[in-house]
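Inside the fold
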Amino acid sequence: MSIKKHVKLGLSALALSISFNSVAAEDPIRVGILHSLSGTMAISESTLKDTMLMLIEKQNEAGGVLGRQLEPVVVDPASNWPLFAEKARELLAKEKVDVIFGNWTSVSRKSVLPVIEELNGLLFYPVQYEGEESSQNVFYTGAAPNQQAIPAVDYLMNDIGVERWVLAGTDYVYPRTTNKILETYLKDKGVAAEDIMVNYTPFGHSNWQAIVSDIKAFGGAGKKTAVVSTINGDANVPFYRELGNQGIDAADIPVVAFSVGEQELSGIDTGPLVGHLAAWNYFMSVESDANYDFIDAWVAHTGNEEAVTNDPMEAHYIGFNMYIEAVKKAGTADVDAVKDAIIGVSVPNLTGGFATMMPNHHITKPVLIGEIQDNGQFSVVWETPSTVAGDAWSDFLPGSKDLISDWRKPLFCGNFNVVSGTCGAQANVANK
């Protein structure tokens, strides 16, 4: 073969290689969206799917990231906890997504967790939760208990003078573990066991007459009483309706909710609920330029002038922007590179400040207490003076108080026991 033919073949091979590399470089970054679009949790999760689609669309309009567009892959786990695991496996093994944004309930997250870890996926989880978990594959952009539950109880105790406590929740891991933490915390503060009432109901519970009657009686003992609610999903609608039916208003027995935001209130006549409370890290009513821009974008995306925003939407906004910045920093969407790059990344939140990803894969957040208004919005009545870093492990559970999480090398451990100096000392708590 002549030198000329060798050169031609070499150039052809080089051109083919460049062509293949160019195609590979332009492959989209595939973003899995794992939220219930049907079933009891659809009232809360459908909005988060739409939030992700809006964020992806805006990022693509801005040129994507690293010259690559983002491609959403949407599945519906249908409020079915085992199905969450199947859909997560489908997203990672079949659809080959680079990252997943999803879940609401902790039981769904725990269903997904073994799959995410087995297949080395990335999950951004946007909802407040009970803590007591730290995974190198999960980024917790919702509140840990020290960023919601503990400050809310402090507010009720110190500012409202609450002495009796109803801990009412849906019967699954998040309410049970959160209430375990709160019971310990309240007793440490001197609250007697007989001044704490605990009640759990199944998902989708609709008959609240007897339970609300019990709450009313418990609050009639001459001590200021409040309800701390970890009731999730569409069960909130009949719960709040029954409070109104039985004449329980916020002046008598205030309810502070951890799972009720603007989206849930949009389906309720809020007139009888004015003055009841919610603890979150964001409210639609927050006054900041970033929030106004986000609301405008959301209204434009939905085509609905009455569309509302809420806290888990902000968590997805923060998590998505952190992911984009980590991909830029790493120069790749490779999972391990992104995991390393994202620690320390700071992005704007919607309250006018910044959120930072900490070494324990939790973020910094302000804590806000909002009071329900008759227009379905919240008026902020209290907030922390600065952001609070999320704790993976509670200081108020015996099996957890000595544990820390740090996913930086060389420690690279999600449950390091500072007393024994060992990694892997699992906490003995309700969610194990």
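Figured I'd write up the structure that's included with this text. (Residues numbered from 1 in each chain as written. Predicted model: local features only at pLDDT ≥ 70, side-chain atom pairs only at ≥ 80, totals over all residues. Heavy atoms only, no water.)

**Quick notes on the overall build of the protein chain**
Helix and strand content of the protein chain: 12 helices and 19 strands. A globule of 432 residues ought to have a C-alpha radius of gyration of about 22 Å, and the protein chain, at 23 Å, matches this closely. Summarising the internal contacts of the protein chain: among those between residues at least 6 apart in sequence, 67% fall at separations of at least 24. (Helix = DSSP H or I, 4+ residues; strand = E, 2+ residues; numbered from the N terminus. Rg over C-alpha atoms; globule rule 2.2 N^0.38 Å. Contact = heavy atoms within 4.5 Å.)

**Description of the sheet that holds strand E18 (residues 413-417)**
The strand order across the open sheet formed by three strands is E17-E18-E19, and the pairing between neighbours is antiparallel. Bordering the open sheet on either side are strand E17 (403-406) and strand E19 (422-423), each of which pairs with just one other strand. In terms of strand pairing, E17 meets E18 through three bridges, oriented antiparallel. For isoleucine 404, the partnering residue across the bridge sits in E18 and is phenylalanine 416. (Pairing = 2+ DSSP bridges.)

**Focus: unusual backbone geometry**
In the segment running from lysine 409 into proline 410, the intervening peptide bond is cis, with an omega of 10°. As for its placement among the helices and strands, proline 410 is situated in the loop between E17 and E18. One non-glycine residue, leucine 66, lies in the positive phi region at around 55°. On the secondary structure map, leucine 66 appears in the loop between helix H2 (42-61) and strand E2 (70-75).

**With respect to the packing of helix H3 (residues 81-94) against helix H4 (residues 106-118)**
A packed helix pair is summarised by two numbers, namely the angle formed by the two axes and the spacing between the axes. Contact geometry of H3 with H4 gives a least axis separation of 8 Å together with a crossing angle of 30°. It follows from the interaxial angle that H3 and H4 lie roughly parallel. In the crossing of H3 with H4, the sense of the turn from one axis to the other is right-handed. On H4, the residues that touch Trp81, Pro82, Phe84, Ala85, Ala88, Arg89 and Leu92 of H3 are Val107, Ser108, Ser111, Val112, Val115, Ile116 and Glu118. When its residues are assigned to classes, the contact of H3 with H4 shows 10 nonpolar, two polar and two charged. (Axes fitted to C-alpha atoms, helices over the stretch in contact; angles between N-to-C directions. Parallel < 35°, antiparallel > 145°, perpendicular 65-115°, else oblique. Left-handed = near helix turned anticlockwise from the far one by under 90°. Nonpolar A, V, L, I, M, F, W, Y, C, P; charged D, E, K, R; others polar.)

**Section: the packing of helix H5 (residues 149-160) against helix H6 (residues 173-188)**
Contact pair H5 / H6: the axes reach a minimum separation of 10 Å and the direction vectors enclose 40°. With respect to each other, H5 and H6 are oriented oblique. You can see that H5 and H6 cross each other, and the crossing is right-handed. Two secondary-structure elements touch here, H5 through Ala149, Ile150, Val153, Asp154 and Met157 and H6 through Thr178, Ile181, Leu182, Tyr185 and Leu186. Considered class by class, the residues forming the contact of H5 with H6 number eight nonpolar, one polar and one charged.

**Remarks on a nonpolar patch on the surface**
A cluster of nonpolar side chains, Ile404, Leu411, Val418 and Val419, forms an exposed patch at the surface whose accessible area comes to about 330 Å². Within the element layout of this structure, valine 419 appears in the loop between E18 and E19. (Patch = residues over 30% accessible without salt bridge, like charges linked within 9 Å, V, L, I, M, F, W, Y side chains within 5 Å. Areas by Shrake-Rupley, 256 points an atom, 1.4 Å probe, with all protein chains shown as cover. Salt bridge = Lys/Arg side-chain N within 4 Å of Asp/Glu carboxyl O.)

**Some thoughts on the packing of aromatic side chains**
A complete count under the given rule lists 18 aromatic pairs for this structure. Between the aromatic rings of tyrosine 185 and phenylalanine 396, the centroid separation amounts to 4.8 Å while the plane-to-plane angle is 70°, which identifies the pairing as edge-to-face. Placement of tyrosine 185 in helix H6 and of phenylalanine 396 in the loop between strand E16 (388-389) and E17 is noted, with a sequence separation of 211 residues between them. With relative accessibility at 7%, the residue tyrosine 185 sits in the buried group. (Phe/Tyr/Trp six-rings, centres within 6.5 Å; stacked < 30°, edge-to-face > 60°. Buried < 20%, exposed > 50% of the residue type's maximum accessible area, 1.4 Å probe, protein only.)

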